[in-house]
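Close look at the chain arrangement
So the chains spell out like this:
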Amino acid sequence: MRKNIVAGNWKMNCTLPEGKKLASEVIHMVEDEVKNDAQVILIPPFIHLTGIHSLIGSSNKVLLGAQNCHQSQSGAFTGEVSAAMLVSSGATHVILGHSERREYFGETDELLAEKIKFTLENNLTPIFCCGEKLEVREANDHERLVSLQVEKALFNLSSEDIIKVVIAYEPVWAIGTGVTASAEQAQEMHAFIRNHIALKYDQEVAAEISILYGGSVKPENAKEIFSQPDVDGGLIGGASLKSRDFTNIVKAFD
């Protein structure tokens, strides 16, 4: 059964003391204030993982995720981190294919397919990101691009495995561009992705997969976006660095 999820991607922000303070605030706020059953995932830089895992403790509301991992189990890959390492640090989820990884580090869908395979083999839940840039949207080519991203990275999986994947749709054109995506545009693309999966697998499989929206969700627009039938939550960037804003986004499901 698919879940409502709010995941906070800290990106490359927060020193060790800052991260500990932020995580502690969020964990306590979520435990004290959130009445819904949304799954909250904190996704900090690697250096924070074990410390935040200790802070989370036995919380039944907050989980821990990582921002990336390598496609190999181990080896001579200086500067990289494996899925098994993430699991050993307490992580349950990992972001793969974020638009910034694609843009700045040249990650391809073929590479991401390899990474997803290893995360699943290590019982780590991948949060697979897909989405289009502004020029693709303006050319009305967004559905074709996103369908290819999903096909290349995910369609090699069995029905049993693809339902373990969380998908995050990122309209790259709505992040830091001054252009705002509407709740209706988010719903349109989420429904398209779900229908595309249903054509490959079936409606039951597609209905099991959580699809998150990653287009500048804020406390002011979260309730409207999350109320859309195919939007199951958000992958939150900037607002995840403010404990009050992030908690209020989680409370949008109340």
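Reading the values: rules and limits
- Residues numbered from 1 in each chain as written.
- Predicted model: local features only at pLDDT ≥ 70, side-chain atom pairs only at ≥ 80, totals over all residues.
- Heavy atoms only, no water.
- Axes fitted to C-alpha atoms, helices over the stretch in contact; angles between N-to-C directions.
- Helix = DSSP H or I, 4+ residues; strand = E, 2+ residues; numbered from the N terminus.
- Left-handed = near helix turned anticlockwise from the far one by under 90°.
- Contact = heavy atoms within 4.5 Å.
- Nonpolar A, V, L, I, M, F, W, Y, C, P; charged D, E, K, R; others polar.
- Salt bridge = Lys/Arg side-chain N within 4 Å of Asp/Glu carboxyl O.
- Buried < 20%, exposed > 50% of the residue type's maximum accessible area, 1.4 Å probe, protein only.
- Parallel < 35°, antiparallel > 145°, perpendicular 65-115°, else oblique.

Two packed helices can be described by the angle between their axes and the distance between those axes. One way to put it is that helix H1 (residues 16-33) packs onto helix H12 (residues 243-250) with a least axis distance of 9 Å and a crossing angle of 35°. Between H1 and H12 lies a crossing whose hand is right-handed. For the pair H1 and H12, the contacting residues are Leu22, Glu25, Val26, Met29, Val30 and Glu33 in the first and Ser243, Arg244, Phe246 and Thr247 in the second. Across the contact of H1 with H12, the residue classes tally to 5 nonpolar, 2 polar and 3 charged.

Further remarks concern the pattern of salt bridges. Per the stated rule, a full pass over the model turns up 16 salt bridges. Between Glu103 and Lys133 there is a salt bridge, with the nearest N and O atoms lying 2.5 Å from each other. With a gap of 30 residues between them, Glu103 in helix H4 (residues 99-105) and Lys133 in the loop between strand E5 (125-130) and helix H6 (134-138) connect regions that are remote in the sequence. Residue classification places Glu103 among the partly exposed residues on the basis of a relative accessible area of 45%. With a closest N to O distance of 2.9 Å, Arg194 and Asp232 form a salt bridge. Taken as a pair, Arg194 in helix H9 (residues 183-200) and Asp232 in the loop between helix H11 (222-226) and strand E8 (233-236) lie far apart in primary sequence, 38 residues in all. One network of salt bridges, in which partners are shared, links Arg2, Arg194, Asp230 and Asp232.

A few words now on the packing of H1 against helix H2 (residues 49-56). Their axes nearest at 10 Å, the elements H1 and H2 cross at an angle of 30°. On the basis of the axis angle, H1 is roughly parallel to H2. Of the two elements, H1 crosses H2, and the hand of that crossing is right-handed. Across the interface between the two elements, Gly19, Lys20, Ala23, Ser24 and Ile27 from H1 touch Ile52, Leu55 and Ile56 from H2.

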